[in-house]
Every structure is written in C-alpha cells, then in structure tokens.
Amino acid sequence: MVKYIKCPRCELNYIDSEKQEYCDVCIAEMKGNRLQFADLDDYDDELDT
C-alpha cells in the first residue's frame, strides 16, 4: 500500500515516501528550473498576438 506524506520542504504537496524525498515542484525549484505552469510571461506574449 502506498503511503503518502506531505512534502517536508513545502508541506503543500503529497509524495510517495518510498519513491521521493521532495515533491516535483520543490525538486524543480531546487534545481533552478523555471516552472512551466507558473511561467506567465510567455502566456502574456501569446495573448498579445
């Protein structure tokens, strides 16, 4: 049975404690990657055309 726990870093997202140490959002932030779903600059450019 899968045991889900809250991410210890953000305490917002749930993770499978056996497979992940942090949630995908926190992992992306720690690596310095821009989050695609939170990149509003590109979205605004699409609306202008």
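A brief look at the structure comes next. Here the residue numbers are simple positions, counted from 1 along each chain's written sequence. The predicted nature of this model means local features are confined to residues of pLDDT at least 70 and side-chain atom pairs, given and counted, to a pLDDT of 80 or more, with totals for whole chains, interfaces and linings taken over all residues. Processing note: side-chain calculations cover all non-hydrogen atoms of the structure and skip hydrogens and water entirely.

1. A closer look at the overall build of the protein chain
Helix and strand counts for the protein chain come out as 2 helices and 2 strands. To qualify as a helix, a DSSP run of H or I must reach at least 4 residues; to qualify as a strand, a run of E must reach at least 2; elements of each kind are numbered from the N terminus. Written out in order from the N terminus, the α and β elements of the protein chain read β-β-α-α. Scored against the burial criterion, the 49 residues of the protein chain give a buried share of 16%. Considering only contacts within the protein chain whose residues lie at least 6 apart along the sequence, 0% involve residues at least 24 apart. Residue exposure ignores everything except the shown protein chains as possible cover, and the areas themselves are Shrake-Rupley values with a 1.4 Å probe. Carbon and sulfur atoms make up 48% of the accessible area of the protein chain, which amounts to about 4,500 Å² in all. Exposure classes here rest on a 1.4 Å probe applied to the protein chains alone. A residue is buried below 20% of its type maximum, exposed above 50%, and partly exposed in between. Residue contacts are counted whenever heavy atoms from the two residues lie within 4.5 Å of one another.

2. Digging into a nonpolar patch on the surface
Among the surface-exposed residues, V2, Y4 and Y14 lie close enough to one another that they form a single nonpolar patch of about 360 Å² accessible area. Turning to its location among the elements, V2 is positioned in the segment before β1 (4-6). Patch membership is restricted to residues that have no salt bridge and whose relative accessible area is over 30%. Joining uses 9 Å for like charges and 5 Å for the nonpolar side chains Val, Leu, Ile, Met, Phe, Trp and Tyr. Put simply, a salt bridge is a Lys or Arg side-chain nitrogen that is within 4 Å of an Asp or Glu carboxyl oxygen.

3. A look at the pattern of salt bridges
In the structure shown here, the tally under the stated rule is 1 salt bridge. Two residues, E29 and R9, come together in a salt bridge whose shortest N-O distance is 2.9 Å. Pair noted here: E29 is in helix α1 (residues 24-31) and R9 is in the loop between β1 and β2 (14-16), with a separation of 20 residues, a long-range link.

Such coordinate-based values are descriptive only and should not be taken to indicate function.
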